[in-house]
Each structure stands twice: as C-alpha cells, then as structure tokens.
Amino acid sequence: MSIKHQFRRSFASIAAAAAASDFPSLSSSTRSYYLNYPRLLSACKHLNHLLQIHAQVIVSGFNHHPSITHLINLYSFFHKCDLALSVFDSTPDPPRILWNSMIRAYTRSKQHNEALEMYCCMVEKGLEPDKYTFTFVLKACTGCLKLQQGIMIHEEIARRGLECDPFIGTGLVDMYSKMGDLKSARVVFDSMPERDVVAWNAMIAGLSQSEDPCEALDFFRSMQLVGVEPSSASLLNLFPGICKLLNIELCRSIHGYVFRRDFGSAVSNGLIDLYSKCGDVDVARRVFDQMAGRDDVSWGTMMAGYAHNGCFVEVMELFDNMKLENMKINKVSAVSGFLAAAELRDLEKGKEIHDCAVQQMIDSDVLVATPLMVMYAKCGKTEKAKQLFWGLQGRDLVAWSAIIAALVQTGYPEEAFSLFREMQNKNLKPNRVTLKSILPACAELSLLKLGKSIHCFTIKADMDSDLPTRTALVSMYAKCGFFAAALTIFSRMSSRDIVTWNALINGYTQIGYPYNAIEMFYKLRSSAVNPDSGTMVGVVPACALLNDLDQGLCIHGLIVKLGFESDCHVKNALIDMYAKCGSFPSAEFLFNKTNFTKDEVSWNIIIAAYMQNGHAKEAISAFHQMRLENFHPNSVTFVSVLPAAAYLAALRKGMAFHACIIRMGFLSNTLVGNSLIDMYSKCGQLDYSEKFFNEMGRKDTVSWNAMLSGYAVHGHADRTIGLFSLMQESQVQIDSVSFVSVLSACRHAGLVEEGRRIFHSMSDKYHIRPDLEHYACMVDLLGRAGLFDETLDFIKGMPLEPDAGLWGALLGSCRMHSNVKLAEVALDRLVKLEPRNPAHFVVLSSIYAQSGRWADAGKARSKMNDLGLKKTPGCSWVELKNKVHAFRAGDKSHPQLESMHSLWNTLLEKMEKMGYVPDRSCVLQNVEEEDKEVFLYSHSERLAITFALLNTRPESTIQIVKNLRVCTDCHTTTKFISKITSRRIIVRDATRFHHFEDGICSCNDYW
C-alpha cells in the first residue's frame, strides 16, 4: 500500500523502547507465558500500558493472530490508526480478520476514505470480504457520504447473498437513510427477514430527517405493534423529527412515555433538547432540575437550549453554577457560552469561558474555535478574532463563513470582503451560508455591482433556489436601493416567509422610502403570513421618517395586541419613533418603565433622543447612568453623546469621552473619529480637530466634510478652500455637504467671486444639483456684500421654491445693511412659511431700531405678542471645572452678581477711556437712553465673561457659548475686554466662532 512505509519508523521506535526498558527478556521456550498476552491486552486501559505490552510482543517475536487483531482493535480504540497500521504492516500475509480490524479501526476514527482505500486493497489482493467486512465498509460509505460507492458495495453484497444478514441489512438501511435515499432504505428494510430494534432505529433516524417527519412517528408506533420494544436510541432518533414539527403537545406525549419507563440520563438530556427546540425552555429547565445524575452533557444541553431560545443571561448563570459544582466544560457548553457572551457583548465572561476551554484542551477544535473567534469579533476585538482564525488548524468552510458574518455584523464589511477574497484565493468554493454572510456586506458598502456578481454565482452554482438565499438577495438589492431587482425576486418566489417580507419592509425604511414600507406592511397584513417582532422593527421607523405620530400610535396599538411590546428591539424602535415625532415624554415614559429590559441600543436611542430634543445635559447624564448600570458603550454610543459635548462646548466632557474611546478601542472607528473632529471644532479647539484629522487612518467623505465645516465655522475661508482643493486632488468623493461648508466659509469671509465659482462648479463640474441650502448660502453671500439686485435676480432664477432658510438669510443680510424695504418683503414671505417663528419679527424689529423707526419696531413686537409668540431669551454659558454655568440676559440670581457688577464697572470705565460708545440701536425696546445702556450691560455674554474673568487664571483662555447671534455692541465690548485683560476670548454664537485677542476679532467685524 502507498500509505505503508511512513509508519515503519514508529514501529521500530516501539521495539527500541522495549529494548531500553526494564522488562525482563522472555524465553522463547516459555510458551505458557505467551498465552498471558491476550489476558494482558484485555486488561489494558491506558495507551502507555498498551505500548509497553506491544514492545514485549515485538521483542519476544510472539506472532499470534488473535493477539495481533486485539492490538489493532485496541489502537483503534485509542484512535491511533498509525500504530494500528504499523502492526498490520508488520504481519506477513495478513488474514481477512486483520484486514477487517484495520477497516474497522479507520471507520472508528472517522477516517472513512482510508477505510474504503483499505477495502479496495483487500479486494485487489484477492481476499474475499465477509459479512463483517461489509458491515464496516458500509459505515465508511455512510461516514463520507459516498452513495455511489455504497450502491456498488450493495451490489456486491447482493451477489454474495448476504442481504438477509441482520447486521448488513441494518448497515444498508442506515447508509441509505443518512444519505436521504429513504426509498432504497425502505426496500432493504422491508426485505429483511428479521428486524431487530437497531434496524427499526436506523429507519426512524432517516425518517426524522426527512421532509415528512410524521413517518418517523408512524414507524415508532409500528415497531411497538410488532412487539419490538423501543430503546433509548429509538427515542433519541425520533426526537429530531419532533423538533422539526415544533409540536409541544407531542413533546408532552413522548415525555409521558419516557416517564413511565426508565431510559436513563441520555433520554432525559434528549428531552431537554426536545423541549428547548420546540420553544418551551421552562419545561426543559424543569426536566434538567429534576434529573438525579446530571453530567456534563446535561449541562451542555441545557445551556444550548437557553442559547437556542435567546436566553443568553441564563446561559451565563448556568455556566457559573456549572463551575460551582466542579463540572467540566465540554464542547457543547463552550459553544453555547461563547454564543451568549457574543450576544451580550460580555468580553470578560467570554475570556473566562475561553480559559476553561484551554484547560480542557478543546479550544483548538474547529467546532469550539469558530464561535470563540466570533465572540471576540462581536465584542470588538477583531484583531484577536483574526489572530485565532489564522491560527486555527483545519479551517473549514464553516469557520470562514462565521468570521465573515461576524465582521459584517460588527461593522467591518471591508475586512469581511478581504477575507472573502482570501478564501477564494485558496480555492475554497463558497456555499450558501458563505454567500448569505457576504451579501449584507454588499448592502452595507452599497456595492451593487459586486452583489450582482454574487447573484450570478448563485445562479450558476444552482444555489439561488432555496428560501434563505433568495431572502438574502432581496435584502441586498433593497438596501442598495435597487428595488426593481428586489421586487422581481420577491414576486417570483413560490413561498415567502416573514423574513422575506421583513427584508423588503426594512429595505424601504433604511433607504428612506417610508410610504413604500407602510404599503408593503399592509400587503403583508392581507396575506397569510403573520408579522413578527422584526416586522415591527422595520415599520415603526417608517412612521418616524414620515413624522406621522398618528400612524405610529396605530402601529403601537397593534404591537400591544400581537404581544410584541416586551421585545427589546420593538420597544427601542418605539422610543426612537416617539422622540422623532415630537412626543418625547412618551419616549421617556417607555424607556423608564420598570419592566423594560434595556440593552446598549436602548441607551444609545435615549441619548440621541435627548440631543434631538435639545437636552444636551440629560444626554450626558444618560451616558453616565448607562455606565453605572454596567452597560458597555459602543461606537454608536459615542457618536450619539459627543454632539452633546459639542453643543454645550463642554471641552472637558468631550476630552473625557475621547479618553474613554481610546481605552475601549474605538479610536480607529471612522464614525467615532468624525464625531471627535466635529466635537473639538465646536468646542473651539480647531487645532485638536486638525491634529486628529491628519492622524486618522481611514477617512471618508464625512471626515473631510467635518474638517471643512470646522474651518468654515471658525471663519478660516482660506483653509477651507485649501482643504477643498486637497480633497479634489486626493480623489475623495465630494458631495453636497462639502459644498455647503465651502460656500459657508465664503459667505463668512465675503468671498463673492470665489463663492460664485464654487457654486457654478457644483453642476458644471461635479454634476451635483444644488439644493435649497446651497441657494441660501449664495443669497447670504450676495446679500452680505450688499448686492441686493443680484440677490433678487438670483432668487427669481431659482428652479426651486425658496424656503424659510433662504428668506431668513435675506432678512439677516438686510439687517447688516439696514435695508428696511427688502426686509419687509422677506418677512412677508417668512410669516407665510413659518408663522410661529418669533425670530423673524425680532430681526425686523432690530432693523427698524437701527434705522430709528421706533414706532415700527414697536408694531413688529406688538404683532409678535398678538400672535402669542415670545422672543427666545438670550442665554450664554461657560464651562469651568467640569461644570457648565449658564446666564440669561438680565440675570440677577447669581451668587457672585455683586462681584461681577463691580468688575464690569471697572472694565466699563477703562473701555470708555479707550473710546467705547454704547450702540443703543442694539436695544429693541423704545425706552430712555440710560435704560438702553442698562439693557446692554446685562446681556448674557457679558455676564458669562465677567464670571469667567473672576474664576479663571489670568493667562487662561475664556470660551463662551451663546444661543443667539452676538449683537454689535457685545461684539465691540468683547474686543475691548480682550485688549484690557490680555485674554483670549472665544465666543461661539448661533452662526459662527469669534476669536477675540488683543482687541481684534477673527471675523474682521464681518458677520
């Protein structure tokens, strides 16, 4: 044989070991001593003992075929087929019994191909197989799923007239059943003259895996009718069929049958598995608790049952209890533990289970190593996951598919594609599972062309006919916005389950087509398929996109009626919907309900909801509460909470979040990096934004836009335009947001020609259609430059209907140039578009006041009052010692008010000596001149500045945030204060940053 000589060395080493041992030499004349070898071999329980006895046999030259057969069988028992083969090869002209033993050894060690090769060699050498040979060879055919070879062996069996042998007949039934040829299995079974319980069990096992598992039940009943008593194996073979039927009543009937008989722990373990897979994990737990002799299989089965039903916390509790009872972890319990740790994102518990698996030396098994690396990937340790993957010996297609799916699910679709390509380079053909794993990555990266290629591959490989693959294709096309293909596949499907419907509904919602999502939902309701919690998770956000609270309330009612309200994902969707539809109290109420089991997504949603509704402080508080309740923030958490720090200009909070991001390993996440750039620029630390932007490993268009926006809001038009040019040179995709930032920089700096050129390049060079925001920027740019005729012509030539943002920009320009006539035109349009917005009346009143038309200013304010509108009060805040201090205009409640007034009077005296004259036109009320000055002096930013001067070191920078546009007089005052105190003062108002230093503002008085 070709595999013979490689084992000569091991055989010789056994003899050498014997020669060097302390065993006495055996006299060849002592024949009776030789006869002890069979007895010694029968008593052998350890491999080392077997090797020692074998060594004596070699040294003594004893060559007794029954003992040689015994040696081969023992080596196969210890799964040492190499040593078994060395014994076989050392025997000259081995008889049939040794060939049979060797075939059996390979079959027992699951080396089925080697067993078949041994059989072929045996036949080639002219040895006649017997019934034992065929019994072992049939098991080998079954093990390697070689049906054609099995059929040929069946023909040999029939030619020799051995079909009636019960062992061979049972082997044939087992082979055909396990390969899905139930018709042939039934023919063999019916032709058997004697059928014992093993033959019946083989048929039951095959039928349980068939499309109609009810036939297995019929066989189970029939075997009892003919007087064959079911064994434990009968029930264990029947259980998979009952699991497929998902019939809980049938579970109870079988349970009753088992209860009346004593079948032992194996069947009890099977019952745990049966109840768990049929959805009644509570009864499964009762069976587990009532078991007298629980073993490691019992614990593993119960953990697997909990994992199957999504009860991951219970899996962890069982693992802890298992350790307390000193039970050893096995492969099943390790796999379940890793799955639970992955779903709970509990890295520490996952590491603990990993340590236990290492101790039991099962961590290198591909069945255990696969969920282990998935656990690390889902817990954010992708490098560790990839390290385990590349170190895994015997990586199979399951392992490749699992790591690809895990990387996609945890937000690393590019790395998933990299592995997918590597897999193909290794000539591994993807199966259905691999393709279903990689298709979501196509959707995530909007790689429609690649998705189409994979679709073509599924068609060529005949893998596109099953329901899960078609559903994955529908989902991919829908998420890529190619609904024509998605609907084509959907309409051609002969059967659709709820997952398929959900793929379309979720696709419409995620791509921004809420009307289609709602329409598809109502089509589902009229079909025979019932919605599930996943359906609700898809349709509720559609209501949020439509801002349709009434529709959302209807869907919420249906959710309660169908019993989905307790589902965490559904409740998260409802909280998000209420927050976005303007019913924030309802969102808070749902979140704070005592019976709500929250997850990280719940906290992320409420943090984002607080920010969306203007509660930045509460968003930060929710983040801290999340940490207190032992939830681990993820990348989405930081993307949600960093804008809160940005809004408050709470630099210390933002830096604390940054430190937390570094500790938790999210610094390389592009979305988090973009949020950090934005946060630092809005906190006045543009240099930090620049540094982080330059150090980012993976930038996307949003990264560049965040930096462009930072430069623009700080008034650095030259740097904005320079970065925009670099963006073009770097072949980064430029989008409409990029142009908003660049045009904003131009309007802040008054760069009219540059603004015109950039605006026209949108459509001429980049083929991007300008929207209302771009037109508003141009109106503001031209209006600020006093080019009102051109501005009006520009508005008239727009292909879009002007909105409130555009008319508001014109109104702001009119205030800058005191253009009352055009301001009245703009206000007339604004009142029609936003009748409840008081800011427009305030701006017009300000323009009247600047022109000395106090009567008209009063009328504007009276009209605002008549409509029940109130001016948004001016508010400024400053962060000191990790605390935000807020001030309102005219605030007299602050405990340091007297010191602040004293400091202000000192500053005012110095300012007046330097030529400061109050700009009383900034006071809109028609009051006495002296009172106007009092109004000016109590503006919120002046209170914030004086407070900061009192409570900070003389050389430190002061940073103020104001909710409204800073007035002309406060702007002038702050310039004087920066000169007098030699302080750098940064003010962020509603439109931009002002950096005051040595009496000069970065805006050059153009804002």
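Here the structure is a predicted model, which is why all the values come from computation and not from measurement. (Residues numbered from 1 in each chain as written. Predicted model: local features only at pLDDT ≥ 70, side-chain atom pairs only at ≥ 80, totals over all residues. Heavy atoms only, no water.)

1. Topic: the packing of helix H29 (residues 467–479) against helix H30 (residues 483–492)
Inference 1: Running from amino to carboxyl end, H29 crosses H30 at an angle of 155 degrees, the nearest separation of the two axes being 7 Å. Our classification of the angle between H29 and H30 gives roughly antiparallel. Considering how the two elements wind past one another, H29 and H30 form a crossing that is left-handed. Contact with H29, carried on its side by Arg470, Leu473, Val474, Tyr477 and Ala478, involves Phe483, Ala485, Ala486, Ile489, Phe490 and Arg492 of H30 and no other residues of that element.
Inference 2: For the contact of H29 with H30, a count of residues per class yields 9 nonpolar, no polar and 2 charged. (Axes fitted to C-alpha atoms, helices over the stretch in contact; angles between N-to-C directions. Helix = DSSP H or I, 4+ residues; strand = E, 2+ residues; numbered from the N terminus. Parallel < 35°, antiparallel > 145°, perpendicular 65-115°, else oblique. Left-handed = near helix turned anticlockwise from the far one by under 90°. Contact = heavy atoms within 4.5 Å. Nonpolar A, V, L, I, M, F, W, Y, C, P; charged D, E, K, R; others polar.)

2. Observations regarding helix H52 (residues 854–866)
Inference 1: Spanning 13 residues, H52 covers 18 Å between terminal C-alpha atoms, matching the ideal 18 Å at 1.5 Å per step.
Inference 2: Phi turns positive, to about 75 degrees, at Gly868, one or two residues after H52. (Expected span 1.5 Å × (residues − 1).)

3. Remarks on the side chain of His455
Inference 1: Examined against the element boundaries, His455 turns out to sit in helix H28 (residues 448–460).
Inference 2: If sequence neighbours within four positions are ignored, His455 has contacts with Leu473, Tyr477 and Ile489.

4. As for the pairing of strand E1 (residues 875–880)
Inference 1: Burial within E1 is extensive, with 6 of its 6 residues counted as buried.
Inference 2: Note that E1 and strand E2 (residues 883–888) share 6 bridges and pair antiparallel. Bridging across to E2, Leu880 finds its partner in Lys883.
Inference 3: Between E1 and E2, which pair antiparallel one after the other, the connecting turn spans 2 residues, and Lys881 there sits at a positive phi close to 50 degrees.
Inference 4: Relative to strand E3 (residues 958–962), E1 runs antiparallel, the two sharing 2 bridges. Its bridge partner being in E3, Trp877 is matched across the sheet by Val961. (Buried < 20%, exposed > 50% of the residue type's maximum accessible area, 1.4 Å probe, protein only. Pairing = 2+ DSSP bridges.)

5. Considering the packing of helix H13 (residues 197–208) against helix H15 (residues 232–245)
Inference 1: H15 packs onto H13 with a crossing angle of 15 degrees between their chain directions and a minimal axis gap of 8 Å. Taken together, the axis directions place H13 and H15 in an arrangement best described as roughly parallel. With respect to the hand of their crossing, H13 and H15 are arranged in left-handed fashion. Between H13 and H15, the residues in contact are Val197, Asn201, Ile204, Ala205 and Ser208 and Ala233, Ser234, Asn237, Leu238, Pro240, Gly241 and Lys244, respectively.
Inference 2: In the contact of H13 with H15, the residues fall into 6 nonpolar, 5 polar and 1 charged.

6. Some details on the packing of aromatic side chains
Note on aromatic pairs: each is described by the distance of the centres and the angle between the planes.
Inference 1: Taken as a whole and assessed by the stated rule, the structure comprises 32 aromatic pairs.
Inference 2: A connected cluster of aromatic rings, assembled from ring pairs, spans Phe623, Phe638, Phe657 and Phe666.
Inference 3: We note Lys384 situated over the ring of Tyr376; from NZ or CZ to the ring centre the distance is 5.7 Å. (Phe/Tyr/Trp six-rings, centres within 6.5 Å; stacked < 30°, edge-to-face > 60°. Lys NZ or Arg CZ within 6 Å of the ring centre and 35° of its normal.)

7. What about the confidence of the model for the protein chain?
Inference 1: Across the protein chain, pLDDT averages 87, with 93% of residues at or above 70.
Inference 2: Counted against residues more than four places away or in other chains, residues 1–34, with its pLDDT under 50, gives 41 contacts.
Inference 3: Long-range and interchain partners of residues 926–932, a stretch whose pLDDT sits below 50, account for 8 contacts in this model, where long-range means more than four residues apart. (pLDDT = per-residue confidence, 0-100.)

8. Considering the sheet that holds strand E4 (residues 985–988)
Backbone hydrogen bonds are what pair the strands of a sheet, in a parallel or an antiparallel way.
Inference 1: Across the sheet, 6 strands lie side by side as E2-E1-E3-E4-E5-E6; this open sheet has mixed pairing. The outermost strands of the open sheet, each flanked by one partner alone, are E2 and strand E6 (1000–1001).

9. Details of the environment of Asn506
Inference 1: Tracing the chain through its elements places Asn506 in helix H31 (residues 498–511).
Inference 2: With 66 residues separating them in the primary sequence, Asn506 and Pro440 have C-alpha atoms 13 Å apart.
Inference 3: Once you skip the residues sitting within four places of it in the chain, Asn506 turns out to touch Gly534, Val537 and Gly538.
Inference 4: For Asn506, the side chain forms a polar contact with the main-chain oxygen of Asn502, separated by 2.8 Å. (Polar contact = N/O pair within 3.5 Å; in protein donor to acceptor, adjacent residues only side chain to side chain.)

10. Considering helix H26 (residues 413–425)
Inference 1: End to end, H26 covers 18 Å across 13 residues, agreeing with the expected 18 Å (1.5 Å per residue, within 8%).
Inference 2: Elements in contact with the buried residues of H26: helix H24 (382–391), helix H25 (397–409), helix H27 (432–444) and H28.
Inference 3: Immediately downstream of H26, the backbone of Asn427 shows phi near 60 degrees, a positive value.

11. With respect to the pairing of strand E5 (residues 993–997)
Regular strands place their side chains on alternate faces of the sheet.
Inference 1: In terms of residue burial, E5 counts as a mostly covered element, since 4 of its 5 residues are buried.
Inference 2: Direction of pairing for E4 relative to E5: antiparallel, over a ladder of 4 bridges. Looking across to E5, one finds that Ile986 is bridged to His995.
Inference 3: The hairpin turn running from E4 into E5, its antiparallel successor, is 4 residues long.
Inference 4: Pairing between E5 and E6: 2 bridges, direction antiparallel.

12. Regarding the side chain of Glu600
Inference 1: Position of Glu600 relative to the elements: it lies in helix H37 (residues 600–612).
Inference 2: Buried charge without a partner: Glu600 forms no salt bridge, and the closest opposite charge is Arg345, 6.9 Å away.
Inference 3: Once you skip the residues sitting within four places of it in the chain, Glu600 turns out to touch Leu344, Met626, Phe631, His632 and Asn634. (Lys, Arg positive; Asp, Glu negative; His and termini not counted. Salt bridge = Lys/Arg side-chain N within 4 Å of Asp/Glu carboxyl O.)

13. Some remarks on the environment of Glu629
Inference 1: Relative to the assigned elements, Glu629 resides in the loop between helix H38 (616–628) and helix H39 (635–648).
Inference 2: Exposure remark for Glu629: the relative accessible area of 37% places this residue in the partly exposed category.

14. Concerning unusual backbone geometry
Inference 1: With a phi close to 55 degrees, Arg345 is a non-glycine residue in the positive phi region.
Inference 2: With respect to the secondary-structure elements, Arg345 resides in the loop between helix H21 (331–344) and helix H22 (347–359).
Inference 3: We classify Arg345 as partly exposed; its relative accessible area is 33%.
Inference 4: The backbone of Asn630 sits at a positive phi, close to 65 degrees, despite the residue not being glycine.
Inference 5: One can find Asn630 in the loop between H38 and H39.
Inference 6: Taking relative accessible area as the criterion, Asn630 reaches 65% and is therefore assigned exposed.

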